[in-house]
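# Tertiary structure, described
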Amino acid sequence: MPTIDTTMVVFVIGAALALLAVVQFMLAMKHDKAVAAAGPIEELATYDARLAQKKDLLVDLEEELEKRRQNIATIADVQVEVDALVRQRENLLTEWATLEEKRQEVTTVREDMEAAMVERQSLEAELSEKRQEYLTVQERLERAEQLVHQTAALTKEKEELDAIVGQLRDEGRRLQDAELRVVELQSQATELETKLALLQGRISQKESEIGEVDARVTAEREALAQSQVQLSKVTADIASQDSEVRRQKGEVSALEEKRGMLEARLAVLVEEIARKEGQASGSSNTSTGVDPLKELKEKPPVILELEKWVEHSQISEAEALKNVENRFKASGLDYPQRILRAFHTAMKVNESTQMAVLAGISGTGKSQLPRQYAAGMGIGFLQVPVQPRWDSPQDLMGFYNYIEGRFRPTDMARALWSLDPLNNSEAVSDRMMMILLDEMNLARVEYYFSDFLSRLESRPHLDLVGDFNQRKDAEIELEIPKLERSPRIFPGYNLLFAGTMNEDESTQSLSDKVVDRANILRFAAPKSIKSGKAEGSFPEMKALPQHTWNGWVRPISDIERDQDVTKKVAQMVELMKGFKSPFGHRLGRAIMAYVANYPQLEGADPIRNALADQVEMRLLPKLRGVEVDVMEPQFSALRNFVERDLGDGVLAEAISEALQHAESTGQFVWTGVTR
């Protein structure tokens, strides 16, 4: 041990001396650098000051060295403490070896705890499933209560409709009576014409009789002249003949007076008949000064209001959508951003897809969405309530009244005329308007709207609408008889069309023609009832110019070269082939146009969100009535495509729920998705 202590002391002293040498060397280096940096022109006083500092530093270092020597003296004591710590370490290692069993017990307890945690998680998962089943049952009970309330409301509505139907029947009977009255008047006119002919015959007969009397008077006068010699003899005869002549002349005067009255009456009747015939044929309007298009040229209230709005000088698509969101909040409406963006995109693609249809049960906000959207955007809004009796395009546009000799337009026809600068020189320019066919399936849509839908589909591209030959098939020609040129209306791209449809026993289903040409946005039953509390204030009403709207619309060419989009659209084609319900180029290009025009906003995935929307709005409605059991693999592939490739788990879950609801009937019915 003494040898070790001496070695340690020598080692420590050597280390201290080496450290001191290093410190001195570093100080010398630092000093040399300082001297070199100072330059040769540094004054002598500066060198003296620095030398004094170095001396002081040397004194300090010597003091520090002395302290270290004292510390070296204490190293022996430290070595003793080190030996004690080594012995303590050996004791601790011995104790650690004795605690191995306890560590194993702790490990066993930890494994038991982990198993208990796994079992707890499985129990929580099972509890979650039970809780979900409970929520589903509760939701069904709430839905049943809603159906009970709706049944009561529908019963009351049916009673009101029955009263209205009774009134309409009374009105129909009055119209039938009026038609019978018209027939009677026509019969009376025929009888008057017959009497007139008889009177004319009698006048001719009387004129013949007057001629005969004049001849007789002449003969008598000649006989009188020849019989002057027999004057006395025939004086009595002459007196009687004069009396007869006076009587005949009085009768002739009376007949002439009656003839004048009859001729005047005849002239009145002829004029009346000519006027009636002219009104029936439409040929007398110019002569009488009646304009058959007077009512068509009158601007409806929606156009008059639209003209009053101040125009947006400059507004972006994102700002316009924000205005719509603020209007929703101010109206107490709660629509998810995904619904607003889907409806907005459906409006933008009105060249490839002619309208948007909002379907679902009553009271889900189908009518308010387009109304408030139009107001927030600065677009005119015209609501057209569809009637169950509608069966022709005249119910949309109006008809020609043959009795009055005028065209009786609807507000929709007047609005279309007011927004058609190609055919109406006084039309309102650079404005947008939305037309909403409210409860459009109360009547058969293909009866009253099919022709109009074909006109919309025949519209040329926006750049070609100025060419009459390009747009003539899309123009609507109003039926007005015997006009040199019947008026025509072009439904341009400044018009946006939407429709709502309830689904109950009083409505009709949409035909394939309408489904293929519309984006169908289905509103599912809400999972909870919202408070409807209004927040904020309404934005200022400003008109959105058509050229601004057109600037937001993007062509299909923007995404045609996107491999991801074309691949997913091809997958959609194959999926629908599996359902035996393939679609063609028109629907494929409509889907591409929708993807190209989906708004590029924060928080949105334009491509996947847009394609998921098209699965919801274009593909799922076409699967109505498909046998679920037969097409189970195809439905599974569709659900996986929506969830994995498009990333829309909410829509995939809604498809699964629709398949579960179809178990009772065996046929698929798309009931919508709640975002």
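In the block above lies the structure referred to throughout.
Report follows, based on the coordinates. (Residues numbered from 1 in each chain as written. Predicted model: local features only at pLDDT ≥ 70, side-chain atom pairs only at ≥ 80, totals over all residues. Heavy atoms only, no water.)

Only one face of strand β5 (residues 406–409) is buried, namely the one carrying F407 and P409, since none of R406 and R408 on the opposite face is buried. In the sheet, strand β4 (residues 398–401) pairs with β5 via four bridges, with the strands oriented antiparallel. Across the sheet, residue N401 finds its bridge partner in β5, namely R406. Counting the residues that bridge the hairpin from β4 to β5 gives four residues, and of these G405 lies at a positive phi of roughly 70°. (Buried < 20%, exposed > 50% of the residue type's maximum accessible area, 1.4 Å probe, protein only. Helix = DSSP H or I, 4+ residues; strand = E, 2+ residues; numbered from the N terminus. Pairing = 2+ DSSP bridges.)

If the charged atoms of two oppositely charged side chains come close together, the side chains can form a pair. Under the defined criterion, the tally for this structure stands at 24 salt bridges. Of the charged contacts in the structure, one is a salt bridge between E475 and R471, with a shortest N-O distance of 2.7 Å. We classify E475 as buried; its relative accessible area is 1%. Among the residues examined, R471 registers a relative accessible area of 7% and is labelled buried. Among the salt bridges present, the one from D605 reaches R608, with a minimum N-O distance of 3.1 Å. Taken together, the salt bridges that share partners define one network made up of R338, D613, E616, D648 and R675. (Salt bridge = Lys/Arg side-chain N within 4 Å of Asp/Glu carboxyl O.)

To continue, consider the packing of helix α20 (residues 585–597) against helix α21 (residues 606–619). Each pair of packed helices can be summarised by the angle the axes make with each other and by the distance between the axes. Where α20 meets α21, the axes come as close as 9 Å, and the angle between the chain directions of the two elements is 140°. Our classification of the angle between α20 and α21 gives oblique. At the point where α20 passes α21, the crossing takes the right-handed sense. Two secondary-structure elements touch here, α20 through L587, A590, I591, Y594 and V595 and α21 through I607, A610, L611, D613, Q614, M617 and R618. The class makeup of the residues in the contact of α20 with α21 is nine nonpolar, one polar and two charged. (Axes fitted to C-alpha atoms, helices over the stretch in contact; angles between N-to-C directions. Parallel < 35°, antiparallel > 145°, perpendicular 65-115°, else oblique. Left-handed = near helix turned anticlockwise from the far one by under 90°. Contact = heavy atoms within 4.5 Å. Nonpolar A, V, L, I, M, F, W, Y, C, P; charged D, E, K, R; others polar.)

Looking at the element boundaries, D451 is found in helix α15 (residues 450–457). Measuring from C-alpha to C-alpha, the distance between D451 and I476 comes to 9.4 Å, with 25 residues separating the pair along the chain.

The parallel open sheet is built from five strands, whose spatial order is β3-β6-β9-β2-β10. Edge positions in the open sheet fall to β3 (380–385) and β10 (518–523), since each of these has one partner strand only. Each strand axis lies, on average, 20° off the axis of its neighbour in the sheet, ignoring direction. Pairing of strand β6 (residues 433–438) with strand β9 (residues 495–502), which is carried by five bridges, proceeds in the parallel orientation. When the bridges of β9 are listed, L437 appears paired with G499.

So, on to the environment of P393. With respect to the secondary-structure elements, P393 resides in the loop between β3 and α12 (394–397). The spatial distance from the C-alpha of P393 to the C-alpha of E446 is 9.7 Å, given a sequence separation of 53 residues. Excluding residues within four positions of it along the chain, P393 makes contact with Y447, Y448 and D451.

Okay, the side chain of T353 next. Its place among the elements puts T353 in the loop between α10 (337–348) and β2 (355–360). Only 3.2 Å separates the side chain of T353 from the side chain of R618, close enough to count as a polar contact. Beyond its immediate sequence surroundings of up to four residues, T353 is in contact with R517, A518, N519, A590 and R618. (Polar contact = N/O pair within 3.5 Å; in protein donor to acceptor, adjacent residues only side chain to side chain.)

Quick look at a negative patch on the surface now. A surface patch of negative charge is lined by D56, D60, E62 and E63. With respect to the helices, strands and loops of the structure, E62 is situated in helix α2 (residues 44–73). (Patch = residues over 30% accessible without salt bridge, like charges linked within 9 Å, V, L, I, M, F, W, Y side chains within 5 Å. Areas by Shrake-Rupley, 256 points an atom, 1.4 Å probe, with all protein chains shown as cover. Lys, Arg positive; Asp, Glu negative; His and termini not counted. Charge placed at Lys NZ, Arg CZ, Asp CG, Glu CD.)

With respect to the element layout, S418 can be found in helix α13 (residues 411–418). Separated by 2.8 Å, the side chain of S418 and the backbone oxygen of R414 make a polar contact. If near-sequence neighbours (up to four positions away) are discounted, S418 is found in contact with K299, P300, I303, N424, A427 and V428.

Glancing now at the nonpolar core. In a soluble, globular protein the nonpolar side chains are often hidden away together inside. One finds Y373, I379 and V615 to be the most contacted residues of the largest nonpolar core, which totals 75 residues. Those residues in contact with V615, other than ones at most four positions away along the chain, are M572, L620, L638, F641, V642, L646 and L651. The next biggest cluster of nonpolar side chains, apart from the first, holds 45 residues, and it includes I303, L419, Y448 and F449. (Core = buried A, V, L, I, M, F, W, Y, C linked by side-chain atoms within 4.5 Å.)

This part is about the pairing of β6. Of all six residues that make up β6, six are buried, and the element is covered over most of its length. Alternating residues of β6 divide into M433, I435 and L437 and M434, L436 and D438, and every residue in both groups is buried. Pairing analysis gives six bridges linking β3 to β6, with the strands arranged parallel. Looking across to β6, one finds that V384 is bridged to L437.

Within this structure, the stated rule accounts for 10 aromatic pairs. For the ring pair F343 and Y373, a centre distance of 5.1 Å and an interplane angle of 90° mean the geometry is edge-to-face. Note that F343 is positioned in helix α10 and Y373 in helix α11 (residues 368–377), a separation of 30 residues in sequence. For F343, a relative accessible area of 2% gives the class buried. Aromatic side chains F452 and F497 sit 5.4 Å apart centroid to centroid with 65° between the ring planes, which places their arrangement in the edge-to-face category. (Phe/Tyr/Trp six-rings, centres within 6.5 Å; stacked < 30°, edge-to-face > 60°.)

Now for α13. Burial runs high along α13: seven of the eight residues are buried. Residues of α13 that are buried include every one of M412, A413, R414, A415, L416, W417 and S418, and no others.

Everything listed here is a matter of coordinates, which is why it stays silent on function.
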